[in-house]
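Architecture at a glance
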Amino acid sequence: MKKIIIGDQLVKSFGEGDEKRNVLDGVSVEINEGEFVAVMGPSGSGKSTLMFALSGTDGVNGGKVIMDNKNLAEIGENELSDIRRTKMGFVFQQPTMLKNLNILDNIILPSMRDNRKNAAQITEKARALMKRVGIAELEKRDITQVSGGQLQRAGICRALMNSPKIIFGDEPTGALNSKSAQEIMDIFSKINEAGTAVMLVTHDAKVAARTERIMFMRDGAIVSELSLPKFTGTDMDGRIEQITVKMREVGI
Amino acid sequence: MHFRIIRNDMLKSKAITLTTMIFVAAAAMLVSLAAILIVNLTGALDTLMIQAKTPHFMQMHSGALNTARLNAFAEQDANVEDFQVLEFLNMDGSQFRFGNRSLANSVQDNGLTVQSEKFDFLLNLDGSPIQASDGELYVPISYIKDGITKIGDKANISGKEFTVAGMLRDSQMNSSLASSKRMLVSKHDYEELKHAGNVEYLIEFRLKDLSKTSEFETAYASSGLEANGPAITYSLFKTLNAISDGMMIGVILLVSVLVVAIALMCIRFTLLAKIEDDYREIGVMKAIGLRISDIKGIYLVKYAAIAAAGCVLGYALSFVFKGMLLENIRMYMGESENTSLAMLFGVIGVLLVFGAIIAFVNGVLRRFRKISAAEAIRYGTSQEKASGAKRFNLSNNKLFHTNAFLGIKDVLARKKLYVTMLAVLVISAFIIIVPQNLYNTISSKSFIKYMGIGNSDMRIDIQQTDHMSEKAAEMLKTMSSDSAISKYAVLTTKTFKAKMENGSEERVKIELGDHSVFPVQYSEGTAPRVEDEVALSVMNAKELDKKVGDTMTLVIEGKEKNLKVSGIYSDITNGGKTAKAVFTDQSAEMMWVVISAVIADKSLIGSKVSEYTDKFPFAKVSDIDEFMAQTFGSTISAVGKASYSAIAVALLIAVLVTLLFMKLLVAKDRYSIAVMKAFGFTNSDIQAQYVTRSVFVLIVGIVLGTLLANTLGEMLAGAMVSYFGASAFQFTVNPLSAYLLSPLMMIGTVLIATIIGTSRAGQIKISESIKE
């Protein structure tokens, strides 16, 4: 299977001198095309840092990140921005939207940077995506006028606008109630089925149980992995059980 | 705890704290300077008027004088403490020659006098009365200061030689606004020159009780005593003496108001931004039961600290600069006795600035009341709806690039914040354009029409010579056969008596000749065309109380003749009091002749001027540009300098404020910046958005500033110029500099400031800033 992103011996440290500590301590990861991956671990284990490193949002102190045969640590800021905009999508725990813009404008913003001429097509695509995630009627609303779950769906639409190869989700359901969380996870599953790779950072076993490969992190290292069959809507409890057993096993 | 919060806060925003403090310091310095100047001015003025024993009431009079009757009145009136009549020998300005320079163009009535014996003394710089020896001449301070003459120079008054022996302080006529200037000579010299001028009388009284001045004034006026001339009281002398320095103080106060306004704008901006930032914390503090006054305290203390530091710095600076500004007062009026009082008033002024800032901050913080604790904690931002701009959507934006769109959208959505920056930029544009337009207007060739002279190339003055009319005729003969001269006109100035309605007589200088060749600027009516018409200068019309269509009685060739006032025109030459008519007259004495000419080939002006100078040594031939430079050069260059410094100051303000605002915005917007960067916007995209914001605000600011400059600014400048006698004032705008270069300069500086101010945006780390 084709690899989209390869992280090789990644080191990321914070602090100086005696205070210095490695949040990523030689982590190697590969993510394949169309894969559905989760990274689990307690707070401070380095899971979000790993996501920021793999997506080129934050530099690393050692190792390399390869995407499309390019080492993200060696290319310029602008090229990095281009890669993030055209090949990656992001969904954060808190809905990261610009206050001044309404929902629709927030969704089309990254696409409009390059293709203003195709505004009509871009808007059409955004409306189709919004319909797909069930927020079609909210396009003119301000971001303060909708619920957290609705905002998160808008965030997913924005991530999908440029048809990325991979979507990174940093605790995307962390701020939602369980019903909304489940609905958001359904959307991620659908996206993945359509062929987009998804990498989720979470400490919630219910979220991880939807994925096919789970990496467990502790103290800046991947300590174990678990592969699951494709989720078909059944046996959720069994999958969660497998994960919790593994978590106890590695002590997280 | 407060101290630590403030210190951390200031360290985090050094540039912002510093800029705010600089503006506060500048404001405090100016206010303190104004206070110190006011106290010193009044103190020095009192000292001068006590030393000089300025009369409490003075009636100027020209014509016969009945001394016995005046003596009787003075003895009879219980208010009178002392009484005297001084002579003022009024002579034409051309009679005074300092080196090769005469006072012919002086706007003042110049005259000689001798030292008084009882009161109204003319003082030396030590404050004691001057005793002039024969051959010595003492001149007003302003003549030395303006470089008309120097101490030790030779002077010639109506053919008699003098040595300029010193300067005199004249408690009555020091000010350039007093229209007369007294020069002091010995009694012997005075008697010798008495034939060369007209004696005017200064009938002066000292009163026992100064508060009874107006009562005495009425008594004098109703007594039917000599009163052909203005009457002036002690308080008016005081005003006249105070007015030029008073105007400087006024300008300083005006500028300080502007600077205080800018300082307040900066504070408002930073404070609003800070409140937006701390929205959640404020909500939490409210929720856990802190009183609003407690929360306000935390913010107030920080600004109190900045304001206090700025005020102390400004007060200290005012001591550095006060010497420079007090120089004028010291020279014209002497030392003031209440220096400690001046310091006290300086402190009071600075405290006022401090109080204003605290009150303002307190006012801005009032919005704490409106913050709902629940809303603040839940959303972390104000849920107030941004008004307008709702329709301005990215999805139907076809006009702007996405970055430009985001910049404009931000300005429209946060109007309250940006209106502060707009206000400062409007002020800057105004400060740049008004002085520049004024300078351009007074230095343009067409400004000459406000001066009571038509637009010509060459000007020939014939004066102080015998047989003027024959000489003028001789010149005209040459000129009429000179093919280089395309047109010319002769204007002869003579003095006539005008009969006033109350029976008194005024002497009026009238220019006779054809006024249609070189027309001047008429604010009302037209030039005189027929024999029984006369046009008056604005100042003369005011003084003689005439309007267009009124009649005026002149004594021409011994007969009274009624003339109709055909028009009123601008004139700032000859003290602004002139008249124009076309009638012929053979009787009155000719004062001077002016011939104006247009030279067809402009490149020949220089050679023609020297040709006529050589051919007619009795005449003063000048290039009109040179003539303008002589009469008006110092004013033009002063205004020019002022306009250049205004540009520099305004640009500096624009740079500082833009830098401050941009730095603050970047700090405030780091979350949005991180979001955009995460979604693939490059650093130059972000910078482009900020540049759009400031350029958008700037363009609105330039448009508003230019509109204001051409309306309010023109009115202000017109009011200033009308004081010199020019009316119907309109800016002559140089469109290239006012509408292209100045805006470009502002855009350039604001752009640079924006780019520097937003350079930090690139260093914002997504991973650190995106998690709230």
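The structure this text deals with has already been given above.
About the criteria used
- Residues numbered from 1 in each chain as written.
- Chains lettered and ligands numbered in written order.
- Predicted model: local features only at pLDDT ≥ 70, side-chain atom pairs only at ≥ 80, totals over all residues.
- Helix = DSSP H or I, 4+ residues; strand = E, 2+ residues; numbered from the N terminus.
- Rg over C-alpha atoms; globule rule 2.2 N^0.38 Å.
- Core = buried A, V, L, I, M, F, W, Y, C linked by C-beta atoms within 7 Å.
- Buried ≥ 20, exposed ≤ 12 C-beta atoms within 10 Å, placed from the backbone.
- Contact = placed C-beta atoms within 7 Å.
- Expected span 1.5 Å × (residues − 1).
- Pairing = 2+ DSSP bridges.
- Axes fitted to C-alpha atoms, helices over the stretch in contact; angles between N-to-C directions.
- Left-handed = near helix turned anticlockwise from the far one by under 90°.
- Nonpolar A, V, L, I, M, F, W, Y, C, P; charged D, E, K, R; others polar.
- Parallel < 35°, antiparallel > 145°, perpendicular 65-115°, else oblique.

1. Focus on the overall build of chain A
When helices and strands are tallied, chain A shows eight helices and 10 strands. The C-alpha atoms of chain A give 18 Å as radius of gyration, which agrees with the globular expectation for 252 residues (18 Å, within 12%). Taken along its principal axes, the extent of the C-alpha atoms in chain A is 50 × 45 × 35 Å.

2. Here we look at the nonpolar core
All names here are of chain B. Judged by nonpolar contacts, the single largest core of 272 residues is most densely connected at Val24 and Ala27. At 23 residues, helix H2 (residues 14-52) tops the list of elements feeding residues into this core. Sequence-distant contacts of Ala27, that is, excluding residues within four places in its chain, are made with Ser256, Val259, Val260, Ala263, Gly314 and Val353.

3. Quick word on helix H6 (residues 178-193) of chain A
Residue and element names in this part refer to chain A. Here H6 spans 22 Å end to end across 16 residues, near enough to the 22 Å set by a 1.5 Å rise per residue. For H6, the secondary structure elements touched by its buried residues are strand S3 (36-40), helix H5 (148-160), strand S7 (166-170), strand S8 (197-202) and helix H7 (205-208). Following H6 by one or two positions, Gly195 adopts a phi angle in the positive range, close to 115 degrees.

4. Comments concerning the pairing of strand S1 (residues 3-14) of chain A
Residues and elements named next belong to chain A. Looking at chain direction, S1 and strand S2 (residues 21-32) are connected through nine bridges and run antiparallel. Of the residues in S2, the one forming a bridge with Ser13 is Asn22. Linking two consecutive strands that pair antiparallel, namely S1 and S2, is a turn of six residues; a positive phi of about 85 degrees is found at Gly15 within it.

5. Things to note about the sheet that holds strand S6 (residues 88-91) of chain A
Residues and elements named next belong to chain A. Taking strand neighbours across the sheet as the criterion, the six strands line up as S6-S7-S8-S3-S9-S10 in an open arrangement whose pairing is mixed. With partners counted over all chains shown, the strands left at the sheet margins are S6 and strand S10 (221-227), one partner each. Strand-to-strand twist in this sheet, taken as the mean axis angle between neighbours without regard to direction, amounts to 20 degrees. Two strands pair when backbone bridges link them, and strand S9 (residues 213-218) and S10 are joined in this way by six bridges, in the antiparallel orientation. Looking at the pairing, Phe216 lines up with Ser224 of S10. On top of the sheet, H6 reaches S3, S7 and S8; it is set at about 150 degrees to S8, its chief contact.

6. Brief notes about helix H12 (residues 402-413) of chain B
Residue and element names in this part refer to chain B. Between its first and last C-alpha, H12 extends 16 Å over 12 residues, near the 16 Å set by a 1.5 Å rise per residue. Summarising burial for H12: 10 of the 12 residues are buried, a large majority. Among the residues of H12, Thr402, Asn403, Phe405, Leu406, Gly407, Ile408, Lys409, Asp410, Val411 and Ala413 are the ones counted as buried.

7. Things to note about the sheet that holds strand S5 (residues 70-71) of chain A
Residue and element names in this part refer to chain A. Read across the sheet, four strands follow the order S2-S1-S4-S5 without closing on themselves; strand pairing throughout is antiparallel. In the strand order of this sheet, the two ends are held by S2 and S5, each with one partner. In this structure, strand S4 (residues 62-67) lies alongside S5, joined through two bridges in antiparallel fashion. Looking at S5, one finds that Ile66 is bridged to Asn71.

8. Observations concerning the packing of H2(B) against helix H10 (residues 339-364) of chain B
Residue and element names in this part refer to chain B. As a packed pair, H2 and H10 sit with axes 8 Å apart at the nearest point and diverge in direction by 145 degrees. As H2 packs across H10, the resulting crossing turns out to be right-handed. When H2 is examined against H10, the residues Val24, Ala27, Ala28, Val31, Ser32, Ala34, Ala35, Ile36, Ile38, Val39 and Asn40 are found in contact with a partner set consisting of Leu341, Ala342, Phe345, Gly346, Ile348, Gly349, Val350, Leu352, Val353 and Ile357. Looking at the contact of H2 with H10 residue by residue, the classes come out as 17 nonpolar, four polar and no charged.

9. Considering the interface of chain B and chain A
In this assembly, 27 residues from chain B lie in contact with 29 residues from chain A. When contributions to the side of chain B that touches chain A are tallied by element, the ones reaching two or more residues are H12, helix H18 (670-678), helix H19 (683-722) and helix H21 (766-769) of chain B. Tallied by class, residues from the side of chain B that touches chain A come to nine nonpolar, 11 polar and seven charged.

10. Quick notes on the packing of helix H4 (residues 119-133) of chain A against H5(A)
All names here are of chain A. As a packed pair, H4 and H5 sit with axes 9 Å apart at the nearest point and diverge in direction by 140 degrees. What the angle tells us is that H4 and H5 run oblique. For the element pair H4 and H5, the recorded crossing hand is right-handed. Mapping the contact onto sequence places Ala126, Leu129, Met130 and Val133 in H4 and Arg153, Ile156, Cys157 and Leu160 in H5.

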